[in-house]
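Below are the chains, spelled out letter by letter.
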Amino acid sequence: MFTEMHSLYEWAWVIPALPFLSFLLIAFVTKRSKGLSAAVSILAILCAFGLAIAIAVGVIGSGSEIVKHPVITSINWLDISGLKLNFGTVVDPLSTMMLFVVGLVASMVQIYSVGYMHGDRGWSRYFAYQSLFAMSMLGLVIATNLLELFIFWELVGLCSYLLIGFWYHKVSAREAAKKAFMTTRVGDFGLLLGILFLYGKYGTLDFVHLAALMNGTAQGFALAGGVGYITLTAFLLFVGPIGKSGQFPLHVWLPDAMEGPTPVSALIHAATMVVAGVFLVARIYFIFQHAAPGALEFVAGLGAFTAIFAATIAIAQDDIKRILAYSTLSQLGYMMFALGVGSLTASMFHLMTHAFFKALMFLGAGSVIHALHEKQNIWDMGGLWKKMPITGTTFAIGVLAISGIPPFAGFWSKDEILSAALQNGHPIIYAVGLFTAFLTAFYMGRLFFVAFMGPEKKENHPHESPYWMTVPLIVLAFFSTVGGLVALPYHNFAYYVRNYVSVNGVVSLEAFAHEGMAWGLAGISVLFGLAGLVLAYMTYVTETIKAEAVAARFPGVYKLLKNKYYIDEIYLWLIHNIMDGVGKVLYWFDIHIIDGVINGLALVTRGGAGGLRRVHTGQLQTYALVFFLAVVVVFLAYTMGTGQVSALNPLAMLGGVK
Amino acid sequence: MVSTDFLAITPEIAVAVLALLLVAVALLLPQGARKGLVPLNVFGLLGILAYTVYDFFFGKMGPVFRGMYYHDQFADFFKILFLTAAILVILSSREYIGKWPAYRGNFYALLTAAILGMMIMASSADLLTFYVGLELMTITFYILVGYLPHDGRSSEAGIKYLVLGASSSAILLYGISFIYGLTGSTQLSGIGAQLGSSLTPPIILATVFLLAGLGFKISLVPFHMWAPDIYEGAPTPVTAFLAVASKAAAFAAVIRIYLVTLEHQSFVQTGVALLLILAALTMIVGNLVAIPQKNIKRLLAFSSIAQAGYLMVGVIAESVAGVKGVLFYAMIYVFANMGAFAVATYVGQAQGSDEIRDYAGLARRSPLAAAVMTASVLSLAGIPPLAGFVGKFYLFSAVIHQGYTWIAYVGFVMSMVSVYYYLSVVKVMYLGEGADLPDIPVHGAAKFTMVFTMLITLFIGLYPTPLAQMAISAATSLVK
């Protein structure tokens, strides 16, 4: 199976190439025809998805062979002294899983967009951006080296910027796009520094080479203080994921990014781009393993903090998309701390199931917003389940999945993360995770019960969305239901998805074997999830507990949560008072010192230029004179230089003697 | 043996036939039906280009005609360069030449004949063969530069080029005769073997004469004085061809003569120092004097003088890496310069002016032309990700590898200076008003040339490896 499929894997580059082609086609050819643009875009992503499925089937069939020998196809991009860079694709279980997830969600979102973006003036532009994004994201997951990954990383950032600000006539959209771009830039800068640090030390950015080098020199490093260097590098590299995957304190851009069209939020800001940070950490997991233990503990701690921090904010939000955005942040924290506690498999598993159910819920939210003519406050909704049965039912599946209720997908992955945390000796993180699971169930329950089951509002006339939108919902609901079953022993997700470089260079299958279902722990987390849902039910449906009364009893806490811990305000204060001050000082320095020096230099240069120009008189005689004079001068200089003064003697010349 | 020898010079024969055919067709066709000349010329050259590319990769290499002529990848590389440049010149100048009343056929025939001369220069293994090629090229250019009979500046440039070119040829031929007198041979390999390691006054004199003659062609300071006036006065397509192809041909000869002949003698110490100083001077003078220029052709002329300085740096590096750098840079220089000149030609014929201030607001009036001009000058300045950056990187890293770090610093600083005057053109195009100037829609062959050169400049900058590999194999075929 492995050898037969090998040639297929070498064609993995076609997967990102197809959406790119469609981007070019839309931008240069079909942009005037709405139907053609959408058709080209959807056709391209569906073909790419088909190819991703073919590769996935092959990889599953190849078994452990592909884990030991990931298929790397690359061409030399740049080869100049001191810098050798390749560009290529890697097919291994990790990239295959990502290809499948990205391909699935991207195709569903594009199909959904046909219904959602109906009648939008920027239709072709929208699909062009969607294609560009699909290209960048698919390219990112199969990158073979850090620089290649970084290029695609920046490209997805660009697409995110373009799509958040898609309705650029709205001030809030423009501001949100800028905020997202600049906040993630902070992270990207750290990532770039980390990449340069790596290159400076190892001279390669190739994942496989780096892993081999690190494994080979692990002992030597410990002696030469290399651990410190690697730890620093690991921290710098991790700054990128902090920005991209919205970890505290760079999470502020993600909720604002909801200004973009809802399918965009589903694709970019829930299922794919924001998990790029998690994916990156998984890709370079070996660096964290070689770094000081503090690095992974930091990842775990920050992830757990983000998880609970965002979950508490989500409780007090009223905008349906913002609730989902904070929920995404919280779940990203989950994935991060899963990596931190040492379970790459659990993290990737949760990444996959989360992509299914979060994309589902975002698209469901989009369907609701579409039906209610851009109303986003959950208190303006109510009774939607009856009017929109497909949206309501699929959304319910999403809620059950994220709350960790079996047999839906979220149950399996969440349980795996929690049991990994406990079994690898992180009881505090386990407790935080468990409590977050409770909070998650509560705020998702609140969202669902208020929006879908609460009393109907007279002024609303909702109706079910068209098939373009409901079919993707059904497909995603299907995956949210059964997607978790791959964790069952005989499917053994862990067997396939792991990093191809394991501990100390020895690829051992056992090392990453499944944690196994800890049914006791699973029971506890299901109880917490159910408790959250029940509490939400009692509060918002039967109203046994009065939400207003609770809020009134803890006004400070409620206000704090409602205002998202005032993080944005703190940043604003910092920018106004600290950054602006520093900026003024630097501006003065720039204007008076640096520009002064440059202007001085320029003046000298221009003066020299003016003098030299005068030599060019336009007179033929002058030119001939200079030419012959130059011959004489060069000859003199040459003879002087070689000490052959005798050459000046005409007799010696005539004789030509040696 | 003879038949294989003639097989080796198939491109040269084909170019000669094409030139004669163009003369004949231009005479036979009636006045109104001369439009067919451009396609005939372009497709003829394309066919020869395709054959040369094939020959580069698969041809059987070796010296031919009793060692008077080289048939190697180095020569083929330059032939590809000349043919590409010629095709681009013809395509970009169609509208420009279309305005001329007559003599059109002769223009194309002469251009093609000049290519033949360049090809002979790149391939010659003998100083006399080389000289014949050089004169074929130069005499053709005398005519081409003064091609506009009713344009005073063109005629003036033609006369100037004739007088100065003849002087330089005389010096060059004098140098060749010295060499022959000293070694009894005109073949490069024979000269190299005869010169030995000692350095005598006559050898110095011969060397300086050769340097002056060749330096004139590559516009090496202080033999560069002719260039700005001729570039400004000549018809713009001729300027483009002169700046790109003629210079490259002279560089082909410089590299051959320098590496094959002069490395045998104790030229190295002082000679290299002298060449380094001249290269530095070329970079400095070319870039500094470009700053106050107000005419786009004159600006490009000084810029091309500066570029010769960069190329000279690669020659001095005297290694595979250096020659590879020169070859690579010469090729990308074709595309960058042809892009700039295509815009200059087109805008010049549309507005009747080559002054930079008349480029004001070009970004609005003709967005494509402005974009191509910007990409071209930024590539010439060596800004990544455009091709010029990689080219300069190859050149300077080669010379640093040989230990001449200071010249690389001169190059860096002068590249920075060059950004200033290149960007001042961009500034005029993008920030200037130009309210009373006409819109210039670009179409036809000129549009193709512009887009093509820009795409190639961008592509090579992003993915230089294929061209670099070609340059390496060409360089290794020369430097064993």
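Details of the structure are given in the entry above.
Predicted, not measured: the structure shown is a model, and the values here were computed from it.

Participant: Help me get a handle on the overall build of chain A, residues and values and all.
Facilitator: Check the secondary structure of chain A and you find 30 helices and two strands. Looking at chain A residue by residue over its 658 residues, the buried ones come to 56%. Of the contacts formed within chain A by residues at least 6 apart in sequence, a portion of 80% connects residues at least 24 apart.

Participant: How would you summarise the overall build of chain B if you had to cite specific residues and measurements?
Facilitator: The number of helices and strands found in chain B is 21 helices and two strands. Taking 480 residues into account, the globule formula puts the C-alpha radius of gyration at 23 Å, and chain B, at 21 Å, falls close to it. Residue burial in chain B is summarised as follows: out of 480 residues, 66% are buried. Counted over contacts in chain B with a minimum sequence separation of 6, partners at least 24 positions apart contribute 80%. As presented, chain B carries roughly 15800 Å² of accessible surface, and 70% of it is formed by carbon and sulfur atoms. Each charge class in chain B was averaged separately, 24 positive and 20 negative side chains, and the resulting centres sit 4 Å apart.

Participant: Describe the environment of A:Ala609, with residues and values.
Facilitator: Residue placement: A:Ala609 occurs in helix α28 (residues 567-613). Classification of A:Ala609 as buried rests on a relative accessible area of 0%. Linking A:Ala609 and A:Gly35, residues 574 residues apart in sequence, is a C-alpha distance of 59 Å. Once residues lying within four places of it in the same chain are set aside, the contact partners of A:Ala609 are B:Leu288, B:Val289, B:Ile291 and B:Pro292.

Participant: Help me get a handle on unusual backbone geometry, residues and values and all.
Facilitator: Put simply, A:Phe248 and A:Pro249 share a cis peptide bond, and its omega is 5°. Here A:Pro249 lies in the loop between α11 (226-244) and α12 (253-256). Residue A:Pro407 follows A:Pro406 across a cis peptide bond; omega there is 5°. For B:Arg66, which is not glycine, the phi torsion reads 55° and is therefore positive. Along the chain, the position of B:Arg66 falls in the loop between β1 (62-64) and β2 (69-71).

Participant: Describe the packing of helix α5 (residues 93-116) of chain A against helix α6 (residues 123-141) of chain A, listing the residues and the values that go with them.
Facilitator: Residue and element names in this part refer to chain A. Where α5 contacts α6, the two axes come as close as 9 Å, and the packing angle between them is 175°. One element, α5, and the other, α6, form an angle in the roughly antiparallel class. Facing α5, whose interface residues are Ser95, Met98, Leu99, Val102, Gly103, Val109, Gln110, Ser113 and Val114, α6 presents Trp123, Tyr126, Phe127, Gln130, Ser131, Met137, Leu138 and Val141. For the contact of α5 with α6, the residue count by class is 11 nonpolar, six polar and no charged.

Participant: Help me get a handle on the interface of chain A and chain B, residues and values and all.
Facilitator: The partner chain B presents 48 residues to the 37 residues of chain A that form the contact. Note on chain A versus chain B: buried area summed over both sides is about 3800 Å², and carbon and sulfur give 77% of it. The largest share of the area that chain A buries against chain B comes from A:His616, A:Phe627 and A:Tyr638, three residues that together contribute 20% of it. Across the contact surface, chain A and chain B share zero salt bridges. Applying the counting criterion to the chain A and chain B interface returns five residue pairs in polar contact (both at pLDDT 80 or more).

Participant: Give a description of the nonpolar core that names residues and reports values.
Facilitator: Core analysis: the largest hydrophobic core is formed by 207 residues, its most contacted members being B:Phe82, B:Phe141, B:Phe241 and B:Met312. Among the elements that make up this core, the one with the highest residue count is helix α15 (residues 320-351) of chain B (20 residues). Apart from the residues within four sequence positions on either side, B:Phe82 is in contact with B:Ile115, B:Met118, B:Met119, B:Ala122, B:Phe241, B:Ala245, B:Ala248 and B:Ala249. In this structure, A:Phe152, A:Val156, A:Met388 and A:Ala396 belong to the second largest nonpolar core, which totals 180 residues.

Participant: Which residues make up the packing of aromatic side chains, and what values do they have?
Facilitator: Residues and elements named next belong to chain B. Tallied over the entire structure, the rule returns 66 aromatic pairs over all chains. Ring geometry for phenylalanine 6 versus phenylalanine 65: centroids 5.3 Å apart, planes at 80°, classification edge-to-face. Highlighted residues: phenylalanine 6 in helix α1 (residues 2-8) and phenylalanine 65 in the loop between β1 and β2, separated in sequence by 59 residues. Given a relative accessible area of 42%, phenylalanine 6 falls into the partly exposed group. Seen from their ring centres, tyrosine 409 and phenylalanine 412 are 6.0 Å apart, and the 85° between their planes marks the pair as edge-to-face. One end of the pair, tyrosine 409, and the other, phenylalanine 412, are both in helix α19 (residues 405-431), three residues apart, so they sit about a helical turn from each other. Assessed through its relative accessible area of 53%, tyrosine 409 is described here as exposed. Ring pairs connect the aromatic residues Tyr51, Tyr54, Phe56, Phe57, Phe58, Phe74, Phe77, Phe78 and Phe82, which therefore count as one cluster.

Participant: Explain a nonpolar patch on the surface to me, using residue names and the numbers behind them.
Facilitator: Together, A:Ile570, A:Trp573, A:Leu574, A:Ile575, A:Ile578, A:Met579, A:Val582 and A:Leu586 make up a nonpolar patch on the protein surface, roughly 780 Å² of accessible area in all. With respect to the helices, strands and loops of the structure, A:Met579 is situated in helix α28.

Scoring rules and cut-offs
- Residues numbered from 1 in each chain as written.
- Chains lettered and ligands numbered in written order.
- Predicted model: local features only at pLDDT ≥ 70, side-chain atom pairs only at ≥ 80, totals over all residues.
- Heavy atoms only, no water.
- Helix = DSSP H or I, 4+ residues; strand = E, 2+ residues; numbered from the N terminus.
- Buried < 20%, exposed > 50% of the residue type's maximum accessible area, 1.4 Å probe, protein only.
- Contact = heavy atoms within 4.5 Å.
- Rg over C-alpha atoms; globule rule 2.2 N^0.38 Å.
- Areas by Shrake-Rupley, 256 points an atom, 1.4 Å probe, with all protein chains shown as cover.
- Lys, Arg positive; Asp, Glu negative; His and termini not counted.
- Charge placed at Lys NZ, Arg CZ, Asp CG, Glu CD.
- Axes fitted to C-alpha atoms, helices over the stretch in contact; angles between N-to-C directions.
- Parallel < 35°, antiparallel > 145°, perpendicular 65-115°, else oblique.
- Nonpolar A, V, L, I, M, F, W, Y, C, P; charged D, E, K, R; others polar.
- Buried area = accessible area lost by both parts, 1.4 Å probe.
- Salt bridge = Lys/Arg side-chain N within 4 Å of Asp/Glu carboxyl O.
- Polar contact = N/O pair within 3.5 Å; in protein donor to acceptor, adjacent residues only side chain to side chain.
- Core = buried A, V, L, I, M, F, W, Y, C linked by side-chain atoms within 4.5 Å.
- Phe/Tyr/Trp six-rings, centres within 6.5 Å; stacked < 30°, edge-to-face > 60°.
- Patch = residues over 30% accessible without salt bridge, like charges linked within 9 Å, V, L, I, M, F, W, Y side chains within 5 Å.

Read these as geometric descriptors, not functional statements.
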